[in-house]
Amino acid sequence: MNILDRINETAAYLRDKVAIDKPVGIILGTGLGNLADEIENPTSIDYASIPHFPQSTVEGHDGKLIFGQLNGVEVLAMKGRFHFYEGYDMDQVVFPIRVMRRLGVQTLILSNASGGMNPDFKVGDIMILNDQINLFPTNPLIGPNIKELGPRFPDMSEPYNLNYVKALHECASDHGMKLHEGVYAGVSGPCFETPAEYKYIRTIGGDAVGMSTVPENIAAKHLGMDVAALSVITDLGIEGLVETVSHEEVQKAAQDAEPKLAAIVKSFLQKIQG
Ligand code: HPA
C-alpha cells in the first residue's frame, strides 16, 4: 500500500475513535512523557492498536497517542516517538507527523533530550530550538516526491517558527525562567558522541545534539506546518567537560526538568490559541 493510502487509513481509523478538532500536535521526548498525564478528557490509544503505526522499542518511551485538552486547548500528544536508530526507515519515523497533518494539526511542538555543547549550558537547562543541522545519513524526503504532501524542494529558511521562539521566551519569563536558544544538530545515534564528535558538531554551529527531531521537523515543514521545539540538556559535550553518559542518566535528567517543560508548554498553548 502506498504512503498516502496508509496515512489516510490511519487518519480515518483515529477519526472514527475520537472527535478531533484541529489539535495542536505534541511529541513528548525521552523522560518528558508526564505532560501526557495532565491532558484533560483523555482518549489514549496504544500504537500497537493503530493500523500502520510502527511500535516503540526503547525503554522510557511508552507508545501512546493521547487526545484531549491542555489548558483548554485541543491537543494530540505522542508519548514515545520512533527513532532512526531503532531500525525504522525514515518513512516510518515521520509517519505520525503526516497522520497528524491529515488530522488537521497545523502547529507542532517537538521536545527532546540532548547533549549540550554550548559552554553556557548546564544539565537540566532547556533550549528553545531556533534552527537545526541534519547530520542523519539520510533525509525523510528522499525518493519520489509525494506532491499531495508538499513540494519537491521545501524551503527551510525558518525551520522553527520565530514567532513561537519569541512566545516561548515570554512563557518562560512568565514562570520566572530563562531559556537558552540555539541550534540542534540531529544525529543517527545510537552511540553518544566521542569528544572529537562533540567538538566537530560545536564547530559547525551546533549548540545541542540529539537523536531525533530533525527528521520530524523536515517532514512537518514539507507539509507546511509551524513547528516549535524545546530540548532538555541532559548531559554535556563541552570541550574538557565530556563525561561518561548513559541512557539512564539522560532519562533521569529529562525527568527532573520535565515539570519546567510542562509549565512552558501549557503557557505556550494558551498564548498561541487562547
Ligand atoms: N548526544 C546525542 N543524543 C543525546 C545526547 C547526547 O549527548 N543526550 C541526549 N540525547
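Note: the structure precedes this text.
Just so it is clear, the structure is predicted and the values come from calculations on it, not from any experiment. (Residues numbered from 1 in each chain as written. Predicted model: local features only at pLDDT ≥ 70, side-chain atom pairs only at ≥ 80, totals over all residues. Heavy atoms only, no water.)

Chemist: Honestly, the site of the ligand in this entry has me stumped. Any pointers?
Modeler: Lining the immediate surroundings of the ligand are A113, S114, G115, F192, E193, Y198, V209, G210, M211, T234, D235 and V250. In this structure, a nitrogen atom belonging to the ligand sits 3.3 Å away from a main-chain N or O atom of G115. The separation between an oxygen atom of the ligand and a polar side-chain atom of Y198 is 2.7 Å. Out of a free accessible area of 260 Å², the ligand has 96% covered by protein chains. It is strand β5 (residues 107–116) that contributes the most residues to the shell around the ligand, three residues altogether. (Near = heavy atom within 4 Å. Polar contact = N/O pair within 3.5 Å; in protein donor to acceptor, adjacent residues only side chain to side chain. Areas by Shrake-Rupley, 256 points an atom, 1.4 Å probe, with all protein chains shown as cover. Helix = DSSP H or I, 4+ residues; strand = E, 2+ residues; numbered from the N terminus.)

Chemist: Would you explain the packing of aromatic side chains in this entry?
Modeler: For any pair of aromatic rings, the description rests on two quantities: the centre-to-centre distance and the angle between the ring planes. One pass over the full model with this rule turns up seven aromatic pairs. Taking the centre distance of 5.1 Å and the plane angle of 45° together, the rings of Y47 and F53 count as tilted. Between F53 and F82, the aromatic rings sit 5.9 Å apart at their centres with planes inclined by 75°, giving edge-to-face as the arrangement. Of the two residues, F53 is situated in the loop between β2 (40–46) and β3 (64–70) and F82 in the loop between β4 (73–79) and α2 (90–102); the sequence distance between them amounts to 29 residues. You'll find F53 and F82 in the same group, each marked buried. Within the aromatic cluster, the residues linked to one another by ring pairs are Y47, F53, F82, Y88 and F95. (Phe/Tyr/Trp six-rings, centres within 6.5 Å; stacked < 30°, edge-to-face > 60°. Buried < 20%, exposed > 50% of the residue type's maximum accessible area, 1.4 Å probe, protein only.)

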